[in-house]
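# A closer look at the structure
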Amino acid sequence: QVQLVESGGGLVQAGGSLRLSCAASGRTASTSAMGWFRRAPGKAREFVATITWRGDITSYTDSVKGRFIISKDNDKSTVYLQMNSLKPGDTAVYYCARRTTPSATFNSWGQGTPVTVSS
């Protein structure tokens, strides 16, 4: 079992920045990659970014490229999502997730942290 705990969400004005954290504990050794997803009000959950457990490969959805940065602190087993130039369209609950192989689905999830971007 792996436990994921997100933090860092809040209210920010458009153009501002926030950094989300996801602390992983438990059987993290079997982790292949970590990801951030978000669910906006009335919309389906969508992929935001992912990073391998080694921290060497990242990918992003097009709408956040150049604005968001995913990173990992290997010593702390913590994954971060630095969000810059935030837009009202980024308003959502952000979730951290984990998968155990490159082809597996993300099957461990945190409780989510809300982000609200005001115009």
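Before going into details, it helps to say that this report is about the structure given with it. Model, not experiment: these values are computed from the prediction.

### Notes on the packing of aromatic side chains
- By the definition in use, this model includes three aromatic pairs.
- Taking 5.1 Å as the distance between ring centres and 75 degrees as the angle between the ring planes, the aromatic pair formed by F37 and F106 counts as edge-to-face. In this pair, F37 sits in strand β4 (residues 33–39) while F106 sits in the loop between β9 (92–99) and β10 (108–109), placing the two residues 69 residues apart along the sequence.
- With relative accessibility at 15%, the residue F106 sits in the buried group.
- Here the basic side chain of R45 rests over the ring of W109, its NZ or CZ set 3.9 Å away from the ring centre.

### Observations regarding the sheet that holds strand β7 (residues 68–73)
- Strands sit in the order β1-β3-β8-β7 across an open sheet of four strands; the sheet is antiparallel. Every interior strand has two partners, whereas the edge strands, β1 (2–7) and β7, have only one. Pairwise comparison of adjacent strand axes, ignoring direction, gives a mean angle of 15 degrees for this sheet.
- In the sheet, β1 pairs with strand β3 (residues 18–26) via six bridges, with the strands oriented antiparallel. Residue pairing across strands places S7 opposite S21, the latter belonging to β3.

What counts and how
Residues numbered from 1 in each chain as written. Predicted model: local features only at pLDDT ≥ 70, side-chain atom pairs only at ≥ 80, totals over all residues. Heavy atoms only, no water. Phe/Tyr/Trp six-rings, centres within 6.5 Å; stacked < 30°, edge-to-face > 60°. Helix = DSSP H or I, 4+ residues; strand = E, 2+ residues; numbered from the N terminus. Buried < 20%, exposed > 50% of the residue type's maximum accessible area, 1.4 Å probe, protein only. Lys NZ or Arg CZ within 6 Å of the ring centre and 35° of its normal. Pairing = 2+ DSSP bridges. Axes fitted to C-alpha atoms, helices over the stretch in contact; angles between N-to-C directions.

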